[in-house]
Amino acid sequence: EKLANESALHAISQANISVETSIRNMENIMDIIARNPHVLKFIRMKIVDPSDERYEVESNVRSLLAGFTQYYYDIESIAIVNKNDLFISNEMYKVENDPLIDEDWYIKCIDNPDVLHILGRPFGRNLTEYKKVSSDEIFSIAKAVRDPSNNEVSGVILIDLRIKILENIIKDIQLGKSGFVYIADSNGDVVYAPVNHVIPRIKRQWFSDERVFNKYILGQHYQFIYTSSFYTKWKVIGVFSLNETLKEVVNIRNYTLVILLVISVIALGLSFILSSSIAKPISKLRRLMKKAE
C-alpha cells in the first residue's frame, strides 16, 4: 500500500505540474493580447466613437485573435469585452442583448484584476460558440486588462479552452489495473474525469486536509490520494482499488506458502533418505552381531 501510494503521488504530482504549465502558457497568451496596440485601442473605445474608426480597430483585433485560435489547437475561442460593454470575438456571439459587463465572470475579473480566473465550464453565460460546442468540451479562463496609460482596469479577456488539454495530460496515467486520475476544482466539482462508474459516487466533502484516505464504493475498497495547486486552485486526484493492491500481496503470500510446502516435502524426503542411509548399516551390523552371537 505504501509503494502504491508513493507511485500514485508521483504520477499525480507530475500531472499537476503539466496542468499548471499549460494554464500558465494560456495566461502568457492573454498578456501578449493585452499588450497589443490594437487591443489597447479597442478597450479605450466607446459606443459613440465613429463607426469607421471602430471598424478598422475591430478588424485588426479580429486578425490578431484569429492568429491565436488558428495556431493554438487548445484554444477554442477568444473574446474581449471592454468597460463600455463593447465586445469582439471571431468564434463567439452574445445570446441575449444583456450587458456582458454585468456577468459574474466579468465582475470577478474586475474586482480582482491581477490574477488569472479559472472559471470552469461555461454554464449560464451570455456568450456561446458559433460551432455549437458542448459545455462539457470546454472550460473558460479570464483575466482583466489594464490600460498602461493610466493603469486603469478597462476590460476583460476571456478564453475558452478545449477540455482535451487536460485529457491529454492524464489519460495515459495508470494506477494499477483499474485506477484512474481526474481533476476537480476548489469546490470539489469535476473539471475533467475519464468515463468511470466511481466518479458519480465520490462526494466533495471527503476532501479535507487529509491527502490520503480510504473509502468503500460499491463494496470495493478504494484509496484516494490527491495534490492541490496553489496556482489553479484545482485538485489532481488519483483513485485506485486497494482490493487490487492487496490481491497482489495475497497472491505473493499464496505463492510463498506453496513454495514453502514444496520445499518442506522435498526436505522431508531428503531427511528420510539421509536417515535411511545412516540407519541401514546400523541395522545390518545389528543383525550380523546377533548372527555372530
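Rules used throughout
- Residues numbered from 1 in each chain as written.
- Predicted model: local features only at pLDDT ≥ 70, side-chain atom pairs only at ≥ 80, totals over all residues.
- Heavy atoms only, no water.
- Axes fitted to C-alpha atoms, helices over the stretch in contact; angles between N-to-C directions.
- Helix = DSSP H or I, 4+ residues; strand = E, 2+ residues; numbered from the N terminus.
- Parallel < 35°, antiparallel > 145°, perpendicular 65-115°, else oblique.
- Contact = heavy atoms within 4.5 Å.
- Nonpolar A, V, L, I, M, F, W, Y, C, P; charged D, E, K, R; others polar.
- Patch = residues over 30% accessible without salt bridge, like charges linked within 9 Å, V, L, I, M, F, W, Y side chains within 5 Å.
- Areas by Shrake-Rupley, 256 points an atom, 1.4 Å probe, with all protein chains shown as cover.
- Salt bridge = Lys/Arg side-chain N within 4 Å of Asp/Glu carboxyl O.
- Buried < 20%, exposed > 50% of the residue type's maximum accessible area, 1.4 Å probe, protein only.
- Left-handed = near helix turned anticlockwise from the far one by under 90°.
- Pairing = 2+ DSSP bridges.

Draft legend 1. Seen up close, the packing of helix α1 (residues 2–35) against helix α2 (residues 37–44). Look at α1 against α2: their axes get within 5 Å of each other, and the N-to-C directions meet at 70°. For the element pair α1 / α2, the angle class is roughly perpendicular. Contacts from Ile 33, Ala 34 and Arg 35 of α1 reach α2 at Pro 37, Val 39 and Leu 40. Looking at the contact of α1 with α2 residue by residue, the class counts come to 5 nonpolar, no polar and 1 charged.

Draft legend 2. Just a nonpolar patch on the surface, in detail. A cluster of nonpolar side chains, namely Val 258, Val 262, Ile 266, Leu 270, Phe 272 and Ile 273, defines an oily patch on the protein surface of about 620 Å² accessible area. Along the chain, Val 262 falls in helix α6 (residues 242–292). When its relative accessible area of 45% is taken as the criterion, Val 262 is described as partly exposed.

Draft legend 3. Summary view of the packing of α1 against helix α3 (residues 51–71). For the pair α1 and α3, interaxial distance at closest approach is 11 Å and the crossing angle is 165°. Classified by the interaxial angle, the pair formed by α1 and α3 is roughly antiparallel. For the crossing formed where α1 meets α3, the hand is right-handed. Mapping the contact onto sequence places Ile 29, Ile 32 and Ile 33 in α1 and Leu 64, Leu 65 and Phe 68 in α3. Here the residues of the contact of α1 with α3 are counted per class, giving 6 nonpolar, no polar and no charged.

Draft legend 4. Looking closely at the pairing of strand β12 (residues 235–241). Within β12, 7 of the 7 residues are buried, which leaves the element mostly enclosed by the surrounding structure. Of the pairings in the sheet, the one linking strand β8 (residues 180–184) to β12 comprises 5 bridges and is antiparallel in character. Among the inter-strand pairings, Phe 180 is bridged to a residue of β12, identified as Val 239. Between strand β11 (residues 220–228) and β12, which pair antiparallel and follow one another directly, the connecting turn spans 6 residues, one of which, Lys 233, has a positive phi of 70°.

Draft legend 5. Inspection of the sheet that holds β11 at higher detail. Pairing in this open sheet of 5 strands is antiparallel, and the strands run β9-β8-β12-β11-β10 from one edge to the other. Strands with a single pairing partner mark the edges of an open sheet, and in this sheet they are β9 (190–192) and β10 (212–217). For this sheet the average axis-to-axis angle between neighbouring strands, irrespective of direction, equals 35°.

Draft legend 6. Main features of the sheet that holds strand β7 (residues 152–162). Overall, antiparallel pairing links the 5 strands, which are arranged β2-β1-β7-β6-β4 in an open sheet. Each end of this open sheet is capped by a strand with a single partner; those strands are β2 (87–89) and β4 (117–120). The mean inter-strand angle of the sheet, taken between neighbouring strand axes irrespective of direction, is 20°. Bridge count between strand β1 (residues 75–82) and β2: 3 bridges; the pairing is antiparallel. When the bridges of β2 are listed, Ile 80 appears paired with Ile 88. Helix-sheet contacts for α1 involve β1, β4, β6 (138–147) and β7, and the interaxial angle to β6 is about 40°. Packing of α3 onto the sheet brings it into contact with β1 and β2, and relative to β1 it is tilted by some 150°.

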